[in-house]
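Working through the structure, step by step
One letter stands for each residue in the lines below.
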Amino acid sequence: MTLWSGRMGVEPAEVMMAFSASLDVDRRLAGDDVQASMAHVRGLGRSGILPEAEVDVLLAALGTVDEELSSGNFAFGAQDEDVHTAIERRVTEIAGDTGARLHTGRSRNDQVATALRLYTRRELAALARAVLGLQATLLDRARGVGEARLPGYTHLQRAQPVLLAHHLLAHGWALGRDVDRIADALARLDVSPLGAGALAGSSLPLDPDGTAADLGFARRFENSMDAVSDRDFVAESLFVCALLGVHLSRLGEEIVLFSSDEFGFYRLDDAWATGSSMLPQKKNPDVAELARGKAGRLVGHLAGFLTTLKGLPLSYNRDLQEDKEPLFDALDQVSLACRAIDGLVSSLVFELDTMRAAADAPVLAAVDLAEWLVERGTPFRQAHGIVGSLVRASLAGGAPLVELVTASPELGPEAAELLAPGAASARRRTPGGAGSAAVAVQLDRYAARLASDEARLAGIPAHNT
Ligand code: ARG
């Protein structure tokens, strides 16, 4: 029997039900739906809509449902269209006529929006914790490599030597912005839609402020039509997941490149690498590749759901049911990717000698030679030209750059010392730059930021309250 059987003269068509049912997807909202239903019932009691005795019966029935759900003993029925229907059906089985009062003043429209916000609040906070974990791993690895250096790249061409710590933290700061975005999204989604009813509220004296507080939301909706049709929090969550996925993809791509024999900068730990079914010698970076591959799926969820939203008139439309599959999948996939990349990065072996040899190619200090000239009064464009022609002559004639610099009338032996291993990265002094002193400061600032982000998220419940 459907929730609306009184209105229709016949049983619903089978294919109609198959097409519209969402239980397989939304059953994971069960715990949140029970919590929201309990808050609704307590609210009905406070407002005097239900007498205390009936409130107690309903709360006890919901408590039984909760136990059945958590022990895996809840029997979903073939007729249950969605998780909300299933729970109301079961409450009515347990509580009889009183169960039939559960849905007083409520619609599935405000109900589903409430449950989904509770779910998203918890899962986004859990995701932020996974990102913070990866950020902490990057800090750990950065601290562990001291002054190790590698070439920094632009256009994937060697550009200047940088400290490996600086390179690793570049990914860490991007992840910090993801945490920031999650915190922002959490603040905006912290609104209870419960009490909005189908779209217009109710003639009964409901207490949306009270139910919002009961569920730990910062505030209630301001407009009931907006409350049941707003899925901005889903779209924002999908964007947060997509951009985080893009960051993990870029980090993944770099691990793929750096662990190739062509680079030889990283070696994968056996536990975090895969082999080949055919080629006995292979060791493959599948975790990094999958992190890269999942980004496509995450971006797809965002684009798909925005498309679902774009033509919808106010207020609730059944199209909105399509919010859950992309949201659940995006949160699942990106948090797993975070944890997998965390494990991969924690266990990477850094081939410091190979990196250092590449970073110490004298030509990577070319701009330092130009800046040496600038410090002695030469205009930069002219200095660039002088050094550029020495590089060209070295490449064309085979003479080492250091010899040409030593012999150069503008440069000479003192300037040639800038080409010594490590000299270039030691000289970098811009705050936030890749030099040793600046990186030491950066490590402290990054650690402080990480600690404050951890504290910021600590207040958000990891489980249903
Ligand atoms: N399963 C539906 C959803 O996820 C619940 C709301 C259905 N409301 C309705 N009026 N048909 O959106």
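Residues numbered from 1 in each chain as written. Predicted model: local features only at pLDDT ≥ 70, side-chain atom pairs only at ≥ 80, totals over all residues. Heavy atoms only, no water.

A few words now on the overall build of the protein. The number of helices and strands found in the protein is 19 helices and six strands. In terms of overall dimensions, the protein is more spread out than a globule: its C-alpha atoms have a radius of gyration of 30 Å, far above the 23 Å expected for 465 residues. Seen through its C-alpha atoms, the protein measures out along the principal axes to roughly 100 × 55 × 40 Å. Counting only residues that meet the buried cut, the protein has 49% of its 465 residues in that class. For the protein, the proportion of contacts with a sequence separation of at least 24, taken over those separated by at least 6, is 76%. If you sum the accessible surface of the protein, you get close to 21,800 Å²; carbon and sulfur atoms cover 55% of it. Averaging the positions of the 45 positive and the 62 negative side-chain charges in the protein gives two centres separated by 4 Å. (Helix = DSSP H or I, 4+ residues; strand = E, 2+ residues; numbered from the N terminus. Rg over C-alpha atoms; globule rule 2.2 N^0.38 Å. Buried < 20%, exposed > 50% of the residue type's maximum accessible area, 1.4 Å probe, protein only. Contact = heavy atoms within 4.5 Å. Areas by Shrake-Rupley, 256 points an atom, 1.4 Å probe, with all protein chains shown as cover. Lys, Arg positive; Asp, Glu negative; His and termini not counted. Charge placed at Lys NZ, Arg CZ, Asp CG, Glu CD.)

Every buried residue of helix H13 (residues 352–359) is listed here: Met355, Ala358 and Ala359. Angularly, the buried residues of H13 cover 100 degrees about the axis, an arc narrow enough to put them on a single face. The exposed set on the far side of H13, more than 90 degrees from its buried face, consists of Asp353 and Ala357. Those residues of H13 that are buried are in contact with strand S1 (149–154), strand S2 (157–163), helix H7 (164–189), strand S5 (266–267) and strand S6 (349–350). (Arc of directions from axis to C-beta.)

Moving on, we come to the nonpolar core. Ranked by size, the top nonpolar core spans 93 residues in total, and within it Leu127, Leu164, Leu248, Ile255 and Tyr266 carry the most contacts. Beyond its immediate stretch of four places on either side in the chain, Leu164 contacts Val145, Ala148, Arg149, Leu150, Tyr266, Phe350, Leu352 and Met355. Formed by 19 residues, the second largest nonpolar core is a distinct cluster that contains Ala383, Ile386, Val387 and Leu419. (Core = buried A, V, L, I, M, F, W, Y, C linked by side-chain atoms within 4.5 Å.)

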